[in-house]
Amino acid sequence: MKTKLLYAKTAMFALACFSSVGVWGQTKITDEKGLKAMAENLAGDYVLENNITLSGEWEPIGTNDAPFTGTIDGKGHTIYGLKINLPEQNSVGFIGAAKIEEVSSTKTTVKNLRLVGVEITGRQDVGTVIGNSYGARVSECYTSGLVYGWDHTGGIIGGTKKASDDIMTEVSNCYSNAAVVSSSYQAGGIIGASNNAVVDHCYFAGVAVCPEGRSGGIVALNDGNSLTIANCVVLSSYIKAGGGEAGGANAILGADNPAKDSNAVSTISKCYSWSDLKLYENNVEIGRTNNANDSYDGGYIDSEKLKTAAFWLATDNKGAGFDAGIWTVAENTYPSLPGVHNQC
């Protein structure tokens, strides 16, 4: 009898552990306290069990010296009320800095997360999901609100850095309708400034604005090495940037770093933008003449076609090629991710 009771107690204890930690070792998060506790284990694997509304100022998880190396699965849930006011601090976002250290790693740093109505202010490398990425991966995330920085400001990631020749920051199947504003340089709808990155099957429906540097609906600046942008769409009403050699506004990619030692090489394919989008440099509207789906400005698509499921699902050279298994795609509206009320 004692042996049976011991077995029963052991089984109950194990069940309780699985309930709080998860079958695969993920720590379940149900409230703000649980979110903040991620800072105590930067290598942990976490999963959100419900929507969470934050009550005060948020302290970014991870720094450049001690980056977040774990994973967060939002399971389609939303974090509301993300507010950060650190105007003198670099690497600012829900996650301040994140890193994937091994080429063989298949983990996704952040996936299936919604950050709605953010109010984020930082200095350099300022983003909603991640401020500064060293080869991190972000997938199936949505963001909205205001992101404000001095340089390298982005709707999903602020800046990406080269972790190694073989490790690329990856952003896939994400979208944002945030206002991305930089007080000086580099404002990008998905990434502010890139160094070794891949962006695919994303779209941006907000605005990207800076007075001196580059602005782009997907990426503002390829600051060095390889950048690949594929199957992306920009629905913005306008994008504003500075002019001259240090400036440049385009729907998809603002510019490549012209410095020879940057080794900046960008590849763009199957990317599109709203035909009525307006570009400004030094607050003067500039003409759009680069109508091609492999160009910095993307192929121009009118509003009627942009609200057809056929365009978003087409896998040939005439559509965005979005996956209906990931995106909710319907007629007379734009794609959305599960759990997001599309206001575009």
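Residues numbered from 1 in each chain as written. Predicted model: local features only at pLDDT ≥ 70, side-chain atom pairs only at ≥ 80, totals over all residues. Heavy atoms only, no water.

*Asks:* Account for the confidence of the model for the protein chain, with residues named and values stated.
*Replies:* For the protein chain, per-residue confidence averages 91 on the pLDDT scale, and 92% of positions sit at 70 or higher. In this model, residues 1–20 is a region of pLDDT below 50 whose contacts with residues beyond four sequence positions or in other chains number 7 contacts. (pLDDT = per-residue confidence, 0-100. Contact = heavy atoms within 4.5 Å.)

*Asks:* Report on the packing of aromatic side chains, specifying residues and quantitative values.
*Replies:* Inspection of the entire model under this criterion finds 12 aromatic pairs. Aromatic side chains tyrosine 175 and tyrosine 203 sit 4.6 Å apart centroid to centroid with 20° between the ring planes, which places their arrangement in the stacked category. Here the residue tyrosine 175 occupies a position in strand E15 (residues 175–176), and tyrosine 203 occupies one in strand E19 (residues 203–204), the gap between them amounting to 28 residues. Residue tyrosine 203 is classed as buried on the basis of its relative accessible area of 0%. Geometrically, the ring pair formed by tyrosine 175 and tryptophan 327 is tilted, given 5.6 Å between the ring centres and 50° between the ring planes. With tyrosine 175 in strand E15 and tryptophan 327 in the segment after helix H4 (309–313), this pair connects stretches of sequence that are 152 residues apart. The exposure class of tyrosine 175 is buried, given its relative accessible area of 0%. When its relative accessible area of 2% is taken as the criterion, tryptophan 327 is described as buried. (Phe/Tyr/Trp six-rings, centres within 6.5 Å; stacked < 30°, edge-to-face > 60°. Helix = DSSP H or I, 4+ residues; strand = E, 2+ residues; numbered from the N terminus. Buried < 20%, exposed > 50% of the residue type's maximum accessible area, 1.4 Å probe, protein only.)

*Asks:* Could you give me a rundown of the side chain of serine 182, with the residues and numbers involved?
*Replies:* With respect to the helices, strands and loops of the structure, serine 182 is situated in strand E16 (residues 179–182). Separated by 2.9 Å, the side chain of serine 182 and the backbone oxygen of tryptophan 150 make a polar contact. Discounting chain neighbours no more than four positions away, the residues touching serine 182 are Gly149, Trp150, Asp151, Thr153, Ala187, Val209, Cys210 and Pro211. (Polar contact = N/O pair within 3.5 Å; in protein donor to acceptor, adjacent residues only side chain to side chain.)

*Asks:* Lay out the sheet that holds strand E17 (residues 187–188) with the relevant residues and their values.
*Replies:* The sheet built from 5 strands is open, its strands ordered E8-E12-E17-E21-E25 with parallel pairing. Two strands in the sheet have a free side with no partner beyond their single neighbour: strand E8 (124–127) and strand E25 (248–250). (Pairing = 2+ DSSP bridges.)

*Asks:* Before we move on, can you summarise the pattern of salt bridges with the specific residues and values?
*Replies:* Counting across every chain of the model gives 6 salt bridges. Note that glutamate 32 is salt-bridged to lysine 36, the shortest N-O span being 3.4 Å. You can see glutamate 32 and its partner lysine 36 sitting in helix H2 (residues 32–36), 4 residues apart, about one turn around the helix. A relative accessible area of 13% places glutamate 32 in the buried class. Note on lysine 36: relative accessible area 43%, which makes it partly exposed. The partner of arginine 288 in a salt bridge is aspartate 297, and the shortest N-O contact between them spans 2.8 Å. You can call arginine 288 buried: its relative accessible area is 17%. On the accessibility criterion, aspartate 297 (2% relative accessible area) is buried. (Salt bridge = Lys/Arg side-chain N within 4 Å of Asp/Glu carboxyl O.)

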